[in-house]
Every structure is written in C-alpha cells, then in structure tokens.
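So the chains spell out like this:
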Amino acid sequence: MKNRAMSRRMILEAGACALAAAAGIPRIGSAHAETGLSPKNDATIRKWYAAWEKKDWHPVDILLADDFTFTSAAGDDHINKSTFKARCWESQIDFIDRFDLQRVFGSGNEAFVMYVCWTKNAKTFRNVEYLRLRDGKVEAIECYFGAQSSFPSAVSTGQR
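This section reports on the structure supplied with the text. All values derive from a computational prediction rather than experimental measurement.

**Re the pairing of strand 2 (residues 96–107)**
Where strand 2 and strand 3 (residues 110–119) come together, 10 bridges link them in antiparallel fashion. In the sheet register, Val-104 faces strand 3, and the bridge partner there is Val-113. The antiparallel hairpin formed by strand 2 and strand 3 contains 2 residues in its connecting segment, where Gly-108 sits at a positive phi of about 60 degrees.

**Some details on the sheet that holds strand 3**
Across the sheet, 5 strands lie side by side as 1-5-4-3-2; this open sheet has mixed pairing. Each having just a single partner strand, strand 1 (64–72) and strand 2 make up the two edges of the open sheet. Taken pair by pair, the neighbouring strands of this sheet meet at an average axis angle of 25 degrees, ignoring direction. On the sheet, helix 5 (residues 81–92) packs against strand 1 and strand 2 and is oriented at approximately 60 degrees with respect to strand 1.

**Points about a nonpolar patch on the surface**
A contiguous nonpolar surface patch, about 300 Å² in accessible area, is contributed by Phe-105, Phe-112 and Tyr-144. Mapped onto the elements, Tyr-144 comes out in strand 5 (residues 137–145).

**Quick notes on the packing of helix 3 (residues 39–53) against helix 5**
One can describe the packing of helix 3 onto helix 5 by two numbers: an axis separation of 10 Å at closest approach and a directional angle of 60 degrees. The orientation of helix 3 relative to helix 5 falls into the category oblique. The residues of helix 5 that touch helix 3, namely those facing Trp-48, Ala-51 and Trp-52, are Phe-84, Cys-88, Trp-89 and Gln-92. By residue class, the composition of the contact of helix 3 with helix 5 is 6 nonpolar, 1 polar and no charged.

**Describing unusual backbone geometry**
Backbone geometry places Lys-55, a non-glycine residue, at a positive phi of 60 degrees. Looking at the element boundaries, Lys-55 is found in the loop between helix 3 and helix 4 (57–63). Despite not being glycine, His-78 has its phi angle at roughly 55 degrees, a positive value. Note on placement: His-78 falls in the loop between strand 1 and helix 5.

About the criteria used
- Residues numbered from 1 in each chain as written.
- Predicted model: local features only at pLDDT ≥ 70, side-chain atom pairs only at ≥ 80, totals over all residues.
- Heavy atoms only, no water.
- Pairing = 2+ DSSP bridges.
- Helix = DSSP H or I, 4+ residues; strand = E, 2+ residues; numbered from the N terminus.
- Axes fitted to C-alpha atoms, helices over the stretch in contact; angles between N-to-C directions.
- Contact = heavy atoms within 4.5 Å.
- Patch = residues over 30% accessible without salt bridge, like charges linked within 9 Å, V, L, I, M, F, W, Y side chains within 5 Å.
- Areas by Shrake-Rupley, 256 points an atom, 1.4 Å probe, with all protein chains shown as cover.
- Salt bridge = Lys/Arg side-chain N within 4 Å of Asp/Glu carboxyl O.
- Parallel < 35°, antiparallel > 145°, perpendicular 65-115°, else oblique.
- Nonpolar A, V, L, I, M, F, W, Y, C, P; charged D, E, K, R; others polar.

Shown next as structure tokens:
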C-alpha cells in the first residue's frame, strides 16, 4: 500500500463533493420530507402564493391570521393585516403576475421560501421570505429583498 500526501485543499474539495452527492440523493417518504414541513403547512404556503395570482383579496385574507404581521427592509416593521393590505396588496396586485417557488423548506411552523416573481411587464425579481404559520394560517412574514440595484422590484423602481 502506497501512502499519498493529501493537501487540506484536496480534503476540503473531497468533503464538498461528498456533501453535494449526499444532498442529491432523494429522500424516501412523502412530499413533506422534501420541504421539512408538514403537508398542511406546505399546502398553506403554496395557497398563499397562489392566492396572490388570483388578484382577489378574499383568498389572501382568509389565509392570514387575525394578528398577522408583515416586516420588510422597505420600512415595514411588523405592520398589521389592514396596513399590509393598503401598503403591499393594493400597491402590488396590478404589478405581480405570478410566483415561481424555487425553494420551500422549514420545520414545524416556520419556513423559508425563495421565489422568482414575474411582473406583468415580464420582468422578474427574487425574494426570500420567512413565514410563521399557525393553525393553517400565515401568522407572520418577514420579506428579504435583494439589493435595490441588483433586484428590480416595485420597491427599487419607486412604484411602492
């Protein structure tokens, strides 16, 4: 048997390759095993984004807990449901076409969602949102926008 010297770089690269390979192995189980969420919470999240695409406040409203709060880097700090409707829904509903959910993962009643949002003028932007859920409703959302210069959105173009 021959001894071969291995650099730290080679060991780190091998470890990274092993992690990437392990991440690519599909898990056995139901759909919630892929997201780490219960099927109920996963469904609530998907209904939330689908409700925006319907352009009707009622499906959005029934998915929000009565004590819902929304926070974002755009100056919204734990605003309530009625303020969210006025500031976010009413100003964005005619701007947004659809959402392509890229990643949905979490645990228990907490989830992160990364999405690409398509605007009605065929432009896109990406956001990450942290959602807290309770009893089949969205209790809180924290929205993390990209840098204003690199992620065009209603916020960065002054349409807010």
